[in-house]
Amino acid sequence: MIRINDVSKVFKTKAASINAVQNVELNIEQGEIFGIIGYSGAGKSTLIRLLNLLEVPSSGFIKIADYDMMTLRGKELRKARQEISMIFQHFNLLWSRTVRQNIAYPLEIAGVSSAKRKERVDELIKLVGLEGRGDAYPSQLSGGQKQRVGIARALANNPKVLLCDEATSALDPKTTSQILDLLYDINQKLGLTIVLITHEMHVIHKICGRVAVMEDGKVVEQGAVLDVFRNPSEEITRAFVKQITENDESLEVIEDQLDDANGTVVKLTFVGERTEKPFVSELIRNVDIDVNILQGNIARTKDGSYGTLFISLEGSEDKVKAALAFLENHEVQAEVITHG
Amino acid sequence: MDEGFLSNVNWDNMLEATWETVYMSSIAIVFTFILGIALGLLLFLTSRNQLWSNPVINWFTAAFVNIFRSIPFIILIILLIPFTVAILNTMLGPQAALPALIIGAAPFYARLVEIGLREVDKGVIEAARSMGSNQFQIIFKVLLPESMPALISGITVTSIALVGYTAMAGVIGAGGLGDLAYRDGFQRNNAEVTLVATVITLVIVFIFQGIGDVLTRKLDKR
């Protein structure tokens, strides 16, 4: 659906030229939700703007649906943009228009007759769950409602691709979750390809099938979300994975317990179906060792679960070794934690 | 002179002068609004990182605006007499004041328009582009509607300056309350005429301000 070949963007200023995006290669399939994660300044905002040519790439090749984007100019480009819509962190609604009029805007641009516009706006209002708010102005809406208007507006012309520019970063956690559910629903119902950028890993693990990690303008790692969770190869990816599996608070608790724990503290990482098996009780029964659970955390991703569990193994050295071997045989990653 | 308060005021003349002032101001406001928005758009759109980003056109527009904004109005009227005669075939009456009024006020208003347009959220313009809007649509469906409260409050300020300008336009025989206050009030030493003309001018100003305030409040949905 989307093919990005060797795309770069250089911003030239008087003082220096900044390589915002460097030699990016991505292939995004029809109907998938693809996440791009990176810290601010990583170039992800620029990258997503290169897709609909809000920023013009310095070099490279971009194909979206049947459009060879780099060759499009003027009218053709505007036509293509109606099929590649976008939602924004700060919603970017027209405050001078009501909800209905905002949603109708792209239809006006596309030259849809006013009777058909009304019909389509009604459908969209229902789709995003804004019934009864049609005549409100954006200033009268909550953040979540504003983003729903943004989504309805983006879907108005039946686009093939939806680009989400930090679409939930200005929302509280509960609203974020609702908006992500809505995006997932739309993806399932309409088969829409969604590309989203974010700096929050929980957005990725909640709805994305695949993810690309960006740092300093480059894509440093990409793959299925679950694989990236299991085997993050880059330091930055590990940091993002930690965002949801460990928080600073839990680490502090573990540090404290390292001091008074009698046994060996082990960090277990398990992915997919492993999370649902009672391997702790199996471990106790098989190895005859005392297990003290210190901390646990499970994150649900679209295709399975990912969890970490800190336990303290209390017993003789042989028993501890046996326990670690048992865990290894059961495809649970075990890592002995010592003072570091 | 007759006895009694305000007995020295010729009300027919006063009414005619009021009408002339309202006429000159209203027509000048309409044309200033149109010309000022056109100039303001040009100033805004040709500035850096905007749709028509063009330093040369921007420089010339800014120079034009700054020059005509800086010339004192009384001098501008005199400077423009040949121009007025060329397009209107006369230099007398309320109509003859219009070119000077509009050319004096539009550049001032253009700057206010430019400020108003700068206040429009860049993200909204980006969103409009992302939806496939052309430049015409961005101007008329996004920039102008989104800045309308600022455009209206700007024209309100400008219209009050314009009422003041019409009084000065009296020197070229344009008529109006300023002219009446000068000829009947000052030259014939009839203070009552000056007083009444002042009060009526104030009423006109208050009405313009009131209309502007109500419109701005109604349009502002932020």
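Rules used throughout
- Residues numbered from 1 in each chain as written.
- Chains lettered and ligands numbered in written order.
- Predicted model: local features only at pLDDT ≥ 70, side-chain atom pairs only at ≥ 80, totals over all residues.
- Heavy atoms only, no water.
- Helix = DSSP H or I, 4+ residues; strand = E, 2+ residues; numbered from the N terminus.
- Buried < 20%, exposed > 50% of the residue type's maximum accessible area, 1.4 Å probe, protein only.
- Contact = heavy atoms within 4.5 Å.
- Areas by Shrake-Rupley, 256 points an atom, 1.4 Å probe, with all protein chains shown as cover.
- Patch = residues over 30% accessible without salt bridge, like charges linked within 9 Å, V, L, I, M, F, W, Y side chains within 5 Å.
- Salt bridge = Lys/Arg side-chain N within 4 Å of Asp/Glu carboxyl O.
- Lys, Arg positive; Asp, Glu negative; His and termini not counted.
- Charge placed at Lys NZ, Arg CZ, Asp CG, Glu CD.
- Pairing = 2+ DSSP bridges.
- Axes fitted to C-alpha atoms, helices over the stretch in contact; angles between N-to-C directions.
- pLDDT = per-residue confidence, 0-100.
- Parallel < 35°, antiparallel > 145°, perpendicular 65-115°, else oblique.
- Left-handed = near helix turned anticlockwise from the far one by under 90°.
- Nonpolar A, V, L, I, M, F, W, Y, C, P; charged D, E, K, R; others polar.
- Expected span 1.5 Å × (residues − 1).
- Polar contact = N/O pair within 3.5 Å; in protein donor to acceptor, adjacent residues only side chain to side chain.
- Buried area = accessible area lost by both parts, 1.4 Å probe.
- UniProt positions renumbered as here; feature names shortened; annotations may be inferred.
- Domains from an automatic or database assignment.

A.B. asks: So what exactly am I meant to see when it comes to the overall build of chain B here?
C.D. replies: When you go through chain B residue by residue, the secondary structure sums to nine helices and zero strands. Taken from the N to the C terminus, the helices and strands of chain B come in the order α-α-α-α-α-α-α-α-α. Looking at chain B as a whole, 47% of its 222 residues are labelled buried. Considering only residue pairs separated by 6 or more positions, chain B has 74% of its internal contacts joining residues 24 or more positions apart. When the accessible area of chain B is evaluated, it comes to approximately 11200 Å², of which 68% is carbon and sulfur surface.

A.B. asks: Can you help me understand the environment of Met168(B) in this one?
C.D. replies: All names here are of chain B. Position of Met-168 relative to the elements: it lies in helix α7 (residues 135-169). With a relative accessible area of 32%, Met-168 lands in the partly exposed category. Contact partners of Met-168, with chain neighbours within four places excluded, come to Phe-73, Ile-74 and Ile-77.

A.B. asks: What is the right way to read a nonpolar patch on the surface from this model?
C.D. replies: Among the surface-exposed residues, Phe5(B), Leu195(B), Val199(B), Val203(B), Ile207(B), Ile211(B), Leu215(B) and Leu219(B) lie close enough to one another that they form a single nonpolar patch of about 730 Å² accessible area. If you trace the backbone, Leu195(B) turns up in helix α9 (residues 191-219).

A.B. asks: Please explain a negative patch on the surface as it appears in this structure.
C.D. replies: Residue and element names in this part refer to chain A. A contiguous patch of negative charge, built from Glu-252, Glu-255, Asp-256 and Asp-259, is present on the exposed surface. Along the chain, Glu-252 turns up in helix α10 (residues 248-260). Under the relative-accessibility criterion, Glu-252 is labelled exposed at 55%.

A.B. asks: Before we go on, may I ask you to explain the pattern of salt bridges in this structure?
C.D. replies: If the charged atoms of two oppositely charged side chains come close together, the side chains can form a pair. All names here are of chain A. Throughout the structure, instances matching the rule amount to 18 salt bridges over all chains. Residue Arg-100 pairs with Asp-122 through a salt bridge whose shortest N-O separation is 3.0 Å. Residue Arg-100 is located in helix α3 (residues 99-109), and its partner Asp-122 is located in helix α4 (residues 114-127); the two are separated by 22 residues in the primary sequence. Judged by its relative accessible area of 22%, Arg-100 falls in the partly exposed class. What makes Asp-122 partly exposed here is its relative accessible area of 33%.

A.B. asks: Hey, could you run me through the pairing of strand β3 (residues 33-37) of chain A in this one?
C.D. replies: Residues in a regular strand project their side chains so that they alternate between the two faces of the sheet. All names here are of chain A. Most of β3 sits inside the fold, with five of its five residues counted as buried. Of the two faces of β3, both are covered, the one formed by Ile-33, Gly-35 and Ile-37 as well as the one formed by Phe-34 and Ile-36. Examined bridge by bridge, β3 and strand β8 (residues 193-198) share five bridges and lie parallel to one another. Within β8, the residue paired with Ile-37 across the bridge is Thr-198. Pairing geometry for β3 and strand β9 (residues 210-215), over four bridges, is parallel. By the bridge assignment, Gly-35 is partnered in β9 with Val-211.

A.B. asks: Help me out: how do you make sense of the sheet that holds β3(A) in this one?
C.D. replies: Two modes of strand pairing occur in sheets, parallel and antiparallel, and in both the strands are linked by backbone hydrogen bonds. All names here are of chain A. One open sheet holds the six strands; their spatial order is β6-β7-β8-β3-β9-β10, and the pairing between them is mixed. With one partner strand each, in any of the chains shown, β6 (84-88) and β10 (218-224) form the two edges of the open sheet. Strand-to-strand twist of the sheet, defined as the mean angle between neighbouring strand axes without regard to direction, takes the value 15°. Where helix α5 (residues 143-155) meets the sheet, it contacts β6 and β7 (161-165), and its direction lies at approximately 170° from that of β6.

A.B. asks: Explain the sheet that holds strand β4 (residues 59-64) of chain A here, please?
C.D. replies: Residue and element names in this part refer to chain A. Read across the open sheet, the four strands follow the order β2-β1-β4-β5; overall the sheet is antiparallel. Two strands in the sheet have a free side with no partner beyond their single neighbour: β2 (17-28) and β5 (67-68). Two elements, strand β1 (residues 2-12) and β2, share eight bridges in a ladder whose sense is antiparallel. Bridge pairing in β2 places Phe-11 opposite Ile-18.

A.B. asks: Would you explain the confidence of the model for chain B in this entry?
C.D. replies: Caution applies to low-pLDDT regions: their predicted coordinates should not be interpreted in detail. On average, residues of chain B score 91 in pLDDT, and 99% of them are at 70 or above. Under the prediction, the complex receives an ipTM of 0.86, its pTM being 0.84.

A.B. asks: Would you take a moment to explain the packing of α3(A) against α5(A) for this structure?
C.D. replies: Working note: a packed helix pair is described by the angle between its axes plus the distance between those axes. All names here are of chain A. Relative orientation of the contacting elements α3 and α5 amounts to 30°, with a least axis distance of 7 Å. As the angle between them shows, α3 and α5 are arranged roughly parallel. As for the relative orientation of α3 and α5, their crossing is right-handed in sense. The residues of α5 that touch α3, namely those facing Val-99, Asn-102, Ile-103 and Pro-106, are Val-149, Ala-152 and Arg-153. Within the contact of α3 with α5, the residues separate by chemical class into five nonpolar, one polar and one charged.

A.B. asks: Got a minute to help me understand helix α1 (residues 11-45) of chain B in this structure?
C.D. replies: For the α-helix, the turn length of 3.6 residues means that residues three or four positions removed from each other point alike. Across its 35 residues, α1(B) extends 50 Å between first and last C-alpha, which sits within 8% of the 51 Å expected from 1.5 Å per residue. The residue sitting at the N-terminus of α1(B) and contributing the capping side-chain oxygen is Asn10(B); that oxygen lies 3.0 Å from the backbone nitrogen of Asp12(B).

A.B. asks: Quick question: what am I supposed to make of the interface of chain B and chain A here?
C.D. replies: For an interface, size is often stated in terms of accessible area lost upon the parts coming together. Opposite the 22 residues of chain B that make contact, chain A presents 23 residues. Interface area, chain B with chain A, both sides summed: about 2100 Å², of which 56% is carbon and sulfur. Inspection of the region where chain B meets chain A yields two salt bridges. Between Arg49(A) and Glu126(B) there is a salt bridge, with its nearest N and O atoms 2.5 Å apart. Ranked by residue count, the leading element in the side of chain B that touches chain A is helix α6 (residues 122-130) of chain B, at seven residues.

A.B. asks: Looking at this structure, how should I read the UniProt feature "domain: ABC transmembrane type-1" (unreviewed entry) in chain B?
C.D. replies: The UniProt entry lists residues 18-212 of chain B under the feature "domain: ABC transmembrane type-1" (unreviewed entry), expressed in the numbering used here. Each end of residues 18-212 of chain B is marked by a C-alpha atom, and these two atoms are 20 Å apart; helix forms 83% of the span and strand 0%.

A.B. asks: Explain the domain arrangement of chain A here, please?
C.D. replies: Residues and elements named next belong to chain A. Each domain of chain A was delimited in the assignment, giving domain 1 (2-242) and domain 2 (246-338). Here the C-alpha centre of domain 2 lies 38 Å away from the C-alpha centre of domain 1. Per-residue buried area on domain 1 facing domain 2 is highest for His-205, Leu-226 and Lys-242; these three make up 48% of the total on that side. Seen at the junction of domain 1 and domain 2, the total is zero salt bridges. Counting across the interface, domain 1 meets domain 2 through zero residue pairs in polar contact (both at pLDDT 80 or more). At the level of secondary structure, the elements contributing two or more residues to the side of domain 1 that touches domain 2 comprise α7 (201-207), α8 (225-230) and α9 (235-245).

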